[in-house]
Amino acid sequence: MNIFRSLIGKVWQDPNAAEVVKISTGQLYLLRPGNIRTSRECIYNEAMATIRRVPNVEHNFLLVITRVYEEGGQELLEDEDETDEEREFLISQELEFRTDKTLEGEPTFVWRDLAGDVDEFFEFVAIGTNEPTKAFFETCMYRAMYERKYMRTADSVNEPDLEEFVYKPPTIKKPPPRRKVARAPSTSSVEEVNPPPPDSTHTSPKGKGKAPVVKQLPGTPVYELEEVELYHWEGEQGFINQGIFAAHIVKTGQYSYVLCASTDADILLEHECNSSMNPKFNPRMRSVTWNHVEEGQDVTSWLFAFPSEEEYSKFCTIYLQCGWETLNQIPFDKIKEEDKKYVLSSTNEDVEMLDIEDEEEDEEEVLSELDPDEESESDEDEDYDDEEEPRQPEGDSNSQLTVGYRRDNAFVVRGNNIGVFRHDSDNGTMKYAGTISKISTPKGQVFKPENIMLHEQDTKMVMMNPANPHSLYQADIEYGKVVEEWKVHDDITVSHIAPTDKFAPTTHEQTLIGASHNALFRIDPRISGTKMVDSQYKQYAGKNKFSGVVTTASGKLAVASEKGDLRLFDSIGKNAKTALPPLGDPILGIDATADGRWIVATTKTYLLLIDTLIGEGKYQGSLGFDRSFPATAKPIPRRLRLRNEHVAYMNHDISLTPARFNAGEGQEENAIVTSTGQFVIAWDFAKVKKGLLDRYEIKKYEDTVVQDNFRFGDDKEIVVALKNNVIQVNKKALKKPTRKSLGAAATGASRSSIVNTPY
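Taking an unreviewed UniProt entry as the reference, the protein chain is identified by name as VID27 cytoplasmic protein-domain-containing protein belonging to Lentinula boryana.

In structure tokens, the structure reads:
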């Protein structure tokens, strides 16, 4: 609580300030633990929590929960006699105030309903609130209790003085164990578990007649747990407990698996284990959340809550092994021990990064969360009217975007044309400037360009022709046509290109980097004949299937593959200094910070973030580009993924576009942007480095987002190529994911009926 001293001075010591502290986003629930059918009733689906001074009564404070209306929502209720817009609670020790977390990991504040039954409580779910803000709000509650009890100011109190107000649950006798679901005992093991065949011991309740028909699992279990709590996401109501079930991971083929939940009588869930499940592992809550894409592309979200840390860890280990085998089509036991540890370490998505401990940043973050009004007002004043932006000609749709380095232009590939858009500084939009029409070779053969890359201070553009993978083509942007063909090699194809270093396009650098499916090389258009530099070429053994290459400001290289592995090189022509094994998912795109400290790789459903700083051993402090990681201390891969409940609201099978850091010479990277379907998504990189991996902002469009990227040298303006449009959006226009910002329907049908509830 030491970091809050200066904040307390700002928000507490002004007696004329009616509001002490406020959390602007949340939901209010009434908890009735004894009532099975309505044990958790949503009172306000959107609300804010405020601590206020009681007017004219010194040393007394109120906890106020205020309903927040969607735009136009308040007008709909004007004719009603009661709108129940606000609830007030006098802050005192009798509230038995305490903090907790939801199964999804969201912070909550819980207090007793003094006007209700003895076992009724209120719960405020502080959606998206970070840990420092939660702790600051909690401290203010304890200070308010202190002032009411002792009728004196809490200005000089220390942590120990507030300890008496921290709720401590009474000691109670341990209840008898709950009744288990009646089913044959099973074991949990990586080895296959043979389910017992039905026999004559399964009789009817009366002991007469035929045994009940029990539906068989679709294969051989490799994991079974007799009791696990199953939850289903039901929109405004959150994750609803469906009861106690048996959990199984079932092998249905050589490398295919199904996740099942069952009772004695039936199998309730059979979800194929694949990338679309988008699993999120929460060690603190001992829960695993996933999505299921149903027929017709409807998306649902489910959660297993495990009874012990041991069972949670066992499930995660086996699930990851099965998922890895599905994607790689080889047995998990065949890989090295250190590679196994690397793959399994990716389940821990709740760990803070190295060297990111800054109390001043925490203070700023708390202030921005507690008082977002100033920023919000400026947001409302801006008009982001996408429909007024110019549209490109009808025909093919937009397919690629590249953003200029020097001239504030953006280029969008549309069939065999390239649209040119220019930033309008007067109104902050992208304006259509012209079209480079009918891209063709110097011999006149029209083609649809791929992998376009700006070159020589945005005066040239290098591109690939899918019909001729042995060559590259250079277009003169001012002239508006392809002027040169560069034959790279007679036998080696070019699959990917990258600048010699991250900021080479801002200079007159002529050379660039090329990659085939299994080789890296330098390309120099100035040499006669084929343009590959023979002394800077290296082919690597095996079917590597390189899928992308990126360079740092100093020219170090990171190479990704369709198999999901990453290689870090200090230069071309050598072996990789660091080779990180695949998690399994193919890597679709790759980017790196200018200094090479961080790499973000894009897969279909998540972003893979790698810290290349070596944290221990002989080369501690070096980067993985320059030295190899110790075998026992590889970096921990972090997954930036969308929360499963948000995916359910989006009702969309996630398919991410290549993620990008903001970039600019001398500018620190502080944001990551990507997209999926109709949504642009951005992460605050400072929060990500603190371990807040699922805190992102989002904006929905009417059209599909093809690709997006920050303007060069700008960390706020994002250029967005839609399927039939090109626009620019300020990062402030992106909002925290809510039912409104995700564009979800007002209320989805409850799915409680599709699963039996034993309790």
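In total, this model carries 29 aromatic pairs according to the counting rule given. Note on phenylalanine 281 and tyrosine 319: the rings are 6.2 Å apart at their centroids and 65° apart in plane angle, and the pair reads as edge-to-face. Here phenylalanine 281, found in strand β12 (residues 280-282), pairs with tyrosine 319, found in helix α5 (residues 309-328); they are 38 residues apart in sequence, far enough to count as distant. A residue is classified by how much of its surface remains accessible, and tyrosine 319, at 7% relative accessible area, is buried. Judged by centre distance (5.1 Å) and plane angle (55°), the rings of tyrosine 405 and phenylalanine 712 are tilted. One end of the pair, tyrosine 405, is in the loop between β15 (398-403) and β16 (409-414); the other, phenylalanine 712, is in the loop between β39 (705-710) and β40 (717-722), and 307 residues separate them in sequence. For phenylalanine 712, a relative accessible area of 21% puts it in the partly exposed group. Each residue in the set Tyr223, Phe281, Trp290, Phe304, Phe306, Tyr312, Phe315 and Tyr319 is aromatic and connected to the rest through ring pairs, giving one cluster. Directly above the ring of tyrosine 167 sits arginine 98, whose terminal nitrogen or CZ lies 3.8 Å from the centroid.

This paragraph deals with the pairing of strand β29 (residues 566-569). Two faces make up the sheet, and in a regular strand the side chains alternate between them. Neither face of β29 is left uncovered, since the one carrying Leu566 and Leu568 and the one carrying Arg567 and Phe569 both have all their residues buried. With 4 bridges joining them, strand β28 (residues 557-561) and β29 adopt antiparallel strand pairing. Bridge pairing links valine 559 to arginine 567 in β29. Hairpin connection from β28 to β29: 4 residues lie between these consecutive antiparallel strands, with glycine 564 at a positive phi of about 100°.

It is worth spelling out the sheet that holds strand β24 (residues 512-515) at this point. Overall, antiparallel pairing links the 4 strands, which are arranged β23-β24-β25-β26 in an open sheet. The sheet is open, and its two edges are formed by β23 (496-499) and β26 (532-539), each paired on a single side. Adjacent strand axes in the sheet meet at a mean angle of 20°, parallel and antiparallel pairs treated alike. Alignment of β24 against strand β25 (residues 519-523), held across 4 bridges, turns out to be antiparallel. Opposite alanine 515, over in β25, you have leucine 520 as the bridge partner.

Spatial strand order, β39-β40-β41: 3 strands in an open sheet with antiparallel pairing. A strand with exactly one partner marks an edge of an open sheet, and here the two such strands are β39 and β41 (725-730). Ignoring which end each strand starts from, the neighbouring axes of this sheet average 20° apart. Summarising the sheet, β40 and β41 pair through 6 bridges and their orientation is antiparallel. Bridge assignment links valine 719 to a residue of β41, and that residue is glutamine 728.

Further remarks concern helix α3 (residues 131-150). With 20 residues, α3 should reach 28 Å at 1.5 Å per residue; the first-to-last C-alpha distance of 29 Å fits that figure. Where burial is concerned, most of α3 is hidden: 15 out of the 20 residues are buried. With its phi angle positive at about 50°, methionine 151 sits one or two positions after the end of α3.

Let's shift gears to the confidence of the model for the protein chain. Parts of the model with low pLDDT should not have their predicted coordinates read in detail. Overall, the predicted model of the protein chain reaches an average pLDDT of 83, with 80% of residues at or above 70. Every residue in residues 172-213 scores below 50 in pLDDT, and together they form 59 contacts with partners more than four places removed in sequence or on other chains. Scored below 50 in pLDDT, residues 746-759 shows 30 contacts in the model against residues more than four places distant or in partner chains.

On to the nonpolar core. In terms of nonpolar packing, the biggest core is built from 33 residues, with Ile51, Ile65, Trp111, Phe124 and Phe137 touching the most fellow members. Beyond its immediate stretch of four places on either side in the chain, isoleucine 51 contacts Ala18, Glu19, Val20, Val21, Phe61, Leu62, Ile91, Phe137, Cys140 and Met141. By size, the runner-up hydrophobic cluster in this structure holds 31 residues, among which are Leu607, Leu693, Tyr696 and Ile698.

So, on to the pattern of salt bridges. One pass over the full model with this rule turns up 29 salt bridges. Close ionic contact of lysine 101 with glutamate 131 constitutes a salt bridge, the shortest N to O distance being 3.7 Å. Of this pair, lysine 101 sits in strand β5 (residues 98-101) while glutamate 131 sits in helix α3, and the two are 30 residues apart along the sequence. In this structure, arginine 643 engages glutamate 106 in a salt bridge whose closest nitrogen and oxygen atoms are separated by 3.5 Å. Of the two residues, arginine 643 is situated in the loop between β34 (638-641) and α9 (644-650) and glutamate 106 in the loop between β5 and β6 (107-112); the sequence distance between them amounts to 537 residues. Side by side, arginine 643 and glutamate 106 carry an identical accessibility label, which is buried. The network of salt bridges with common partners includes Glu106, Lys280, Arg643, Glu645, Asp694 and Arg695.

A separate point is unusual backbone geometry. Most of the time, phi is negative for any residue but glycine, and the peptide bond is trans. The residue histidine 59 is not glycine, and still its phi comes out positive at about 65°. Relative to the helices and strands, histidine 59 is located in the loop between β2 (40-53) and β3 (61-67). Of note, asparagine 278 is a non-glycine position whose phi angle comes to about 50°, a positive value. Among the structural elements, asparagine 278 can be located in the loop between β11 (267-272) and β12. Residue classification places asparagine 278 among the buried residues on the basis of a relative accessible area of 1%.

Let's shift gears to helix α6 (residues 337-344). Buried within α6 we find Asp339, Lys340, Tyr342 and Val343. Along the long axis of α6, the arc covered by the buried residues comes to 160°, so they all point the same way. Contact partners of the buried residues in α6: α5, β30 (578-580) and β33 (606-611).

This part takes up the side chain of arginine 414. Examined against the element boundaries, arginine 414 turns out to sit in strand β16. For arginine 414, a relative accessible area of 5% translates into the label buried. A polar side-chain atom of arginine 414 sits 3.0 Å from a polar atom in the side chain of asparagine 398. At a separation of 3.1 Å, a polar atom in the side chain of arginine 414 contacts the side chain of asparagine 724.

Conventions and cut-offs
Residues numbered from 1 in each chain as written. Predicted model: local features only at pLDDT ≥ 70, side-chain atom pairs only at ≥ 80, totals over all residues. Heavy atoms only, no water. Phe/Tyr/Trp six-rings, centres within 6.5 Å; stacked < 30°, edge-to-face > 60°. Helix = DSSP H or I, 4+ residues; strand = E, 2+ residues; numbered from the N terminus. Buried < 20%, exposed > 50% of the residue type's maximum accessible area, 1.4 Å probe, protein only. Lys NZ or Arg CZ within 6 Å of the ring centre and 35° of its normal. Pairing = 2+ DSSP bridges. Axes fitted to C-alpha atoms, helices over the stretch in contact; angles between N-to-C directions. Expected span 1.5 Å × (residues − 1). pLDDT = per-residue confidence, 0-100. Contact = heavy atoms within 4.5 Å. Core = buried A, V, L, I, M, F, W, Y, C linked by side-chain atoms within 4.5 Å. Salt bridge = Lys/Arg side-chain N within 4 Å of Asp/Glu carboxyl O. Arc of directions from axis to C-beta. Polar contact = N/O pair within 3.5 Å; in protein donor to acceptor, adjacent residues only side chain to side chain.

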